[in-house]
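In case you want the letters, here they are:
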Amino acid sequence: MTARRRDKAPSQADVARLAGVSQSAVSRVISGNAATARIPEETRQRVFEAVRELGYVANPAARAMRKQRNDLLGVHTFERVFPRGSEDFYFEFLLGIEERAEETGFDLVLFTSTGSGGGERKIYRNGTNRLNLADGSILLGVSTDRGELARLWYEGYPFIHIGRREVPGAEIPQIIPDYRSASARIVERLARHGHRRLGYVRDWQQMEPYEDRRLGYAEAVERLGLTHTSPDSDGSVALDGAWLDEVARGGATAIVVESVGLARSLREQLAVRGRKIPDDVSVAVLEAASADLSGQWDSLVIPRVEIGRLAVDRLQEMLDDPELRTGSVLVPCPLITGTTIADASD
């Protein structure tokens, strides 16, 4: 495609002409309704390419009006995440957001009334972006609606998403815990303790943060020349018995596990087979793990307060410079040295 220079902001009609599609198709693609409208993937990609080439941003007048700030930052969650206690996963994210907003003179608006009644929350209601009540918003939650993220981005609304999400055709700004590097460092730690035969136990989740963990693990295993085994498991606590028998016979001297629940199940089922952690098998967990009766798991730390604070800072930078609509911040995840990794016995 070859775009011509323009003296005015490009329109949807310009995008449609460059992509060779109808204006209604462009509208459906950038609003996140392409799937329901059965628009082919090839057509969607042509629209996205035209959008990028022209520098199209929907509704530039509304975007200009947002320069008149009211010093309100929104917090939108795609499901109920308001903490019921300090152990809630999202508590520290919200704490960091609140702390930094207060320090920088912004008030917070928590969007909770956009639900459909089924537990999932929507940004748009009757075609209207309710987040416009705030200068910009921080988005978080598991049940991310990628279509709504794409629409929000193409409309030029300032937002930052906590956690990595792939949104086809849109380079949404994100604050991303670096699970990939942390997983690799855990493998390196096990290798330093002499472990050459590793196992990996997956959770049932298929989201990007888990993909990052798995990729970091696999890359480190290959780079260090280690061997690897995994159970035939769907991520449930009922781990594959044949695989556990193999581990008990020495098939793996160290196991990397994606969740604390799976790690506890692994400990119980190895104990039934006469094997103890870490005397016989070392274990590391790829999520934040608090101490339990058996001591502290070797694990990683998700710096949630820091991430919440960074999200506020990054959003305020975007409000100061609307061109900062892309680019993500990768946040290191430190490792905790616990009591579940020991030197390999062979």
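Residues numbered from 1 in each chain as written. Predicted model: local features only at pLDDT ≥ 70, side-chain atom pairs only at ≥ 80, totals over all residues. Heavy atoms only, no water.

Caption draft 1: Summary view of the layout of surface pockets. In this model, the largest pocket occupies a volume close to 850 Å³. As for the largest pocket, its lining consists of 32 residues, and the residues nearest its centre are Phe89, Glu287, Ala288, Ile302 and Arg304. Of all the elements in the fold, those that place two or more residues in the lining of the largest pocket are helix H5 (91-103), helix H8 (208-224) and helix H10 (260-272). Among the elements that make up the lining of the largest pocket, the one with the highest residue count is H8 (3 residues). Each residue belonging to the lining of the largest pocket can be placed in one class, and the counts come to 19 nonpolar, 5 polar and 8 charged. (1 Å grid on protein atoms, 1.4 Å probe; cavity = no way out; pocket = protein on both sides within 12 Å on 5 of 7 lines; lining within 4 Å. Points joined across faces, edges and corners; volume = space filled by probe spheres on them. Helix = DSSP H or I, 4+ residues; strand = E, 2+ residues; numbered from the N terminus. Nonpolar A, V, L, I, M, F, W, Y, C, P; charged D, E, K, R; others polar.)

Caption draft 2: Local environment of the nonpolar core. Residues Ile138, Ile162 and Leu198 are the most contacted members of the largest nonpolar core, which totals 39 residues. When residues of this core are assigned to their parent elements, the largest contribution, 6 residues, is made by helix H7 (residues 179-192). Those residues in contact with Ile162 that sit more than four places away from it in its chain are Phe93, Ile97, Ile138, Leu139, Leu140, Ile175, Ile307 and Ala311. With 32 residues, the next largest nonpolar core counts Val21, Val47, Ala50 and Tyr56 among its residues. (Core = buried A, V, L, I, M, F, W, Y, C linked by side-chain atoms within 4.5 Å. Buried < 20%, exposed > 50% of the residue type's maximum accessible area, 1.4 Å probe, protein only. Contact = heavy atoms within 4.5 Å.)

Caption draft 3: Focus on the sheet that holds strand S6 (residues 159-162). Taken together, the 6 strands give an open sheet; going across it, the order is S2-S1-S5-S6-S7-S13, and neighbouring strands pair in parallel fashion. Of all the strands in the sheet, the pair left with one neighbour each is strand S2 (107-111) and strand S13 (329-331). Strand-to-strand twist in this sheet, taken as the mean axis angle between neighbours without regard to direction, amounts to 20°. Alignment of strand S7 (residues 174-177) against S13, held across 3 bridges, turns out to be parallel. By the bridge assignment for S13, Pro177 is matched with Val331. Sitting on the sheet, H5 is in contact with strand S1 (72-77), S2, strand S5 (136-140) and S6, with an inclination near 145° to S2. Against the sheet, helix H6 (residues 146-154) makes contact with S5 and S6, and its axis sits at roughly 150° relative to S6, the strand it touches most. (Pairing = 2+ DSSP bridges. Axes fitted to C-alpha atoms, helices over the stretch in contact; angles between N-to-C directions.)

These results come straight from atomic positions and should not be treated as a statement about function.
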